[in-house]
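Observations on the three-dimensional arrangement
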Amino acid sequence: MKPSSHRAGELGFDRSRVSPNAFSVVQRLQEAGHDGYLVGGCVRDLLIGRQPKDFDVATDASPERISALFGRSRIIGRRFRLVHVTFGRGYNREIIEVATYRAPPENSSGRKPGGRPVRSRRGRILDDNVFGTIDADAVRRDFTVNALYYDPVGETVLDFVRGIEDARRRTLKIIGNPEQRFKEDPVRMLRLVRFKAKLRLKIDPHSARKISQCAGLIDDVPGARLFDEVFKLFHQGTAVEAWKQLNQTPLAGRLFPQTVECLEDGEPGHRFGALVEAALGNTDSRVRSGFPVIPGFLLAVILWHPFKTEWKRSGKGRMNRGDGFHLAATRVFERQSRSIAIPYRVRHIAIEIWKFQQWLEDRNPRSIVRLMEQRRFRAAFDFLVLRQATAEVSPEVAEWWTEIQESDRHQRRRMIQCLPAPSGRKRRGGKPHKTRCRPSCGRGEHNKIR
Ligand code: ATP
Ligand code: MG
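This section reports on the structure supplied with the text.

Next up on the list: the site of ligand 1. Taken together, 17 residues are adjacent to ligand 1, and Arg 44, Lys 53, Asn 146, Asp 185 and Arg 188 come closest. A distance of 2.9 Å separates an oxygen atom of ligand 1 from a polar atom in the side chain of Lys 53. One nitrogen or oxygen atom from the side chain of Lys 198 is found 3.3 Å from an oxygen atom belonging to ligand 1. Across the complex, the protein chains shield 84% of the 580 Å² of accessible surface that ligand 1 would expose by itself. Elements that contribute at least two residues to the shell around ligand 1 include exactly helix 2 (41–47) and helix 7 (187–199). Counting residues per element, the shell around ligand 1 draws most heavily on helix 7, which supplies 5 residues. Of the residues contributing to the shell around ligand 1, the split by class is 1 nonpolar, 3 polar and 13 charged.

Below, the structure is given as C-alpha cells:
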C-alpha cells in the first residue's frame, strides 16, 4: 500500500512539542539502519495542535534488537510485546514506548503456529503479536487519525489511511469495516467515546451507527481491562462530556446496568443524574488543576442510588441496619462486577465513603474528632457536599462540617458542645447538661456533651 507523504511543517506540526527523548529514540533507531516513527496519539495531537501527553514509537526492529540499542530498556507485555525505554529519574522520568510493526493476526486456521487461538469464537482478537510491515501496522490501528507516522528527523508524515483528511474534518473514523473492527476489539467503541469527549471531534456516522448494534460485544471483554478503559474515560478532564456521550449509546447500560436503571426512575432518577453530573464535574476540575482523583470516589457516586435502593429493600426484612448495609453493598458490587471488575481496594473505598454518610449526617458529638482524623474523611465530606448540592442533605449539615474543618481547637469544642445529643442515646451518668450556645450558632439551648 502506498502512503501519501507530507511535510510536517506544512501540516502545522510544532516540533518544539516533541519530547527530546522521543526524538533521540527515533534518531538512534534510524542511525542503526531501522525505521523509526512517532505514531498514535502523539501524532494525532500534534496534527490538531495539542500538546501530546506521551510518545509512542514504531519501528521495523524486533523487541530484542530495540532493547539491545537502548541502555535503560525493558521488554514488557504479553498481549503486545513492546519495549519501554526510560529516561531521567523521579519526577523527570519519561518512558518512550517502542513497538515493532505488527500485522493483523490473520491466518487461515485462526491459530498461531504453536496451536494457540488467535481469535475468540465471537471474533475478538486474543493474540496480535504478529510482526508485520509498516502498512500492515497502519491498518491494524483503530482510527484513521491514530494511524499517522511522523519522522521528526526528516520532518515528514506518512498517511496510509487518509487520516490527515479526517483530522481536517475533525472526524474520528474507524479504519476498515466498523462492525468487524468492533468484533476484533470491542474496547474500540469506548475509545471512540473517549476521544470524542476529550478532543471534541465528531464520530463518523457509519462508525457511530455500528456502536448501537455492536454494544453487546463489550460483555466479552475481560472485566479488568474494562475497569482501566472506563476510568480513563473519567480521568482525562472531560468526564461530564464522556458520561453524556456514553449515555447516548447502549454501552452505558452494559457497563453500569444498575445506574442506568436508577437514572430512568422519574424524579429520584433526575436528582441522581444531577448528583452524578456534579461529581464528574468535580473530577474534571480536580484533573485540570492537577489534584489526584480516585476511582473509588466516582464509583461511590455512580452506585449510590442502586445501593440506597438495595439497602431500603433489605431494611424491609428483619435484618438490623448494619447487616442490611453490608448485604446491600455486597449485592450492588457483585452485580457491578459482572461487567467491570472492581479491584477490592477500590470497592473498599466506595463502601467506606457510604458508611461515613450516615455518621456525617448524625453528627454524634462523641465521634466528631475521631471521624475527622480518619483517612477517608475528606472524600466522604466531599461526597456529602455533593449530596447537599442536589438537595439530599440539609445545607446546615454540610456547612457545619465545612466550618468545623476551618476552626481552631477551641471553636471546634464549642461547635461540638452546641450539638444536640444523638436521639435515643443518653449521657453517661443521667440527665444531659443544659448550656447556652454562642449566639452565632443560632440554635438556642442544646444538650451539652462533655
Ligand atoms: P492517548 O492520548 O490517550 O494516549 P492514544 O491514541 O495514544 O491516546 P494509546 O492507548 O496510547 O492511545 O494507544 C496508542 C496507539 O495504539 C493508538 O493511537 C492506536 O493507533 C493504537 N491502538 C491503541 N489501542 C488500540 C486498539 N484497541 N485497537 C487498535 N489500535 C489501537
Ligand atoms: Mg498514547
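We now examine the sheet that holds strand 1 (residues 4–7). The strand order across the open sheet formed by 8 strands is 1-8-7-2-3-6-5-4, and the pairing between neighbours is mixed. With one partner strand each, in any of the chains shown, strand 1 and strand 4 (73–76) form the two edges of the open sheet. Ignoring which end each strand starts from, the neighbouring axes of this sheet average 30° apart. Across 4 bridges, the pairing between strand 1 and strand 8 (residues 156–159) is antiparallel. Bridging across to strand 8, Ser 4 finds its partner in Asp 159. Sheet contacts for helix 1 (residues 20–31): strand 2 (37–39), strand 3 (56–59), strand 5 (82–87), strand 6 (94–100) and strand 7 (148–151); angle to strand 6, the most-contacted strand, approximately 35°.

Peptide bonds are, in most cases, trans, and in most cases residues other than glycine have a negative phi. Backbone geometry places Arg 200, a non-glycine residue, at a positive phi of 55°. In this fold, Arg 200 is placed in the loop between helix 7 and strand 10 (202–203). Located in the positive-phi region is Ala 391, a residue other than glycine, with phi close to 60°. By secondary structure assignment, the location of Ala 391 is in the loop between helix 19 (377–389) and helix 20 (395–406).

Turning to the nonpolar core, a few remarks are in order. Of all hydrophobic cores here, the largest spans 99 residues; its most connected members are Leu 38, Phe 234 and Trp 354. When residues are assigned to domains, this core turns out to be shared by domain 1 (4–171) and domain 2 (222–406), each giving three or more. Residues contacting Leu 38, with those up to four places away along its chain left out, are Val 18, Ala 22, Val 26, Val 43, Phe 55, Asp 56, Val 57, Leu 148, Tyr 149, Tyr 150 and Pro 152. Phe 356, Leu 360, Ile 368 and Ala 398 belong to the second largest nonpolar core, which has 18 residues in total.

Relative to the elements of secondary structure, Asp 228 occurs in helix 9 (residues 223–234). When the C-alpha atoms of Asp 228 and Ile 340 are compared, they prove to be 9.2 Å apart, with 112 residues separating the residues in sequence.

This next bit is on a positive patch on the surface. A cluster of basic side chains, namely Arg 72, Arg 74, Arg 89 and Arg 93, defines a positive patch on the protein surface. Mapped onto the elements, Arg 93 comes out in the loop between strand 5 and strand 6.

A few words now on the pairing of strand 3. Bridge count for strand 2 against strand 3 is 3 bridges, and the pairing is antiparallel. Its bridge partner being in strand 3, Leu 38 is matched across the sheet by Val 57. Inspection of the sheet shows strand 3 paired to strand 6 by 4 bridges, in the parallel sense. Each bridged residue has a counterpart across the sheet, and for Ala 58 the counterpart in strand 6 is Ala 99.

Here is what the cut-offs are and how they apply
- Throughout, residues of each chain are indexed from 1 in the direction in which the sequence is written.
- Labels are handed out in written order, letters beginning with A for the chains and numbers beginning with 1 for the ligands.
- Only residues with pLDDT of at least 70 are given local features in this predicted model, and only at 80 or more are side-chain atom pairs given and counted; all residues enter the totals for whole chains, interfaces and linings.
- Based on all heavy atoms of the structure, the side-chain values leave hydrogens and waters out of the count.
- To be near a molecule or strand, a residue needs just one of its heavy atoms within 4 Å of it.
- For the purposes of these results, a polar contact is taken to be a pair of N or O atoms within 3.5 Å, where, inside protein, one atom must be able to donate a hydrogen and its partner to accept one; residues adjacent in sequence count only when each atom of the pair is a side-chain atom.
- All accessibility values rest on the Shrake-Rupley procedure with a 1.4 Å probe; residue burial counts only the protein chains present in the view.
- Under the DSSP-based scheme used, a helix requires at least four consecutive residues in state H or I and a strand at least two consecutive residues in state E, with every element numbered from the N terminus.
- Residues were grouped as follows: Ala, Val, Leu, Ile, Met, Phe, Trp, Tyr, Cys and Pro as nonpolar; Asp, Glu, Lys and Arg as charged; and all remaining residues, including Gly, as polar.
- Paired strands, as defined in this entry, are two strands with at least two bridges between them according to DSSP.
- Axis lines are fitted through C-alpha atoms, for helices just across the contact stretch, and the angle between N-to-C directions can take any value from 0 to 180 degrees.
- Residue contacts follow a heavy-atom distance rule, with two residues in contact if any of their heavy atoms lie within 4.5 Å.
- As used in this record, nonpolar core signifies buried Ala, Val, Leu, Ile, Met, Phe, Trp, Tyr and Cys residues forming a set joined through side-chain atoms within 4.5 Å.
- Only protein chains enter the accessibility calculation, which uses a 1.4 Å probe. A residue is then buried if its area is under 20% of the maximum for its type, exposed if over 50%, and partly exposed in between.
- Each domain's extent is set by a domain assignment, obtained either automatically or from a database.
- Residues form patches when they are more than 30% accessible in relative terms and have no salt bridge. Like charges link within 9 Å. Nonpolar side chains (Val, Leu, Ile, Met, Phe, Trp, Tyr) link within 5 Å.
- Within this document, salt bridges are pairs made up of a side-chain nitrogen of Lys or Arg and a carboxyl oxygen of Asp or Glu, the two lying within 4 Å of each other.
- As used throughout, the charge tally considers Lys and Arg to be positive and Asp and Glu to be negative, leaving His and the chain termini uncounted.
- Taken as the charge location is NZ of Lys, CZ of Arg, CG of Asp or CD of Glu.

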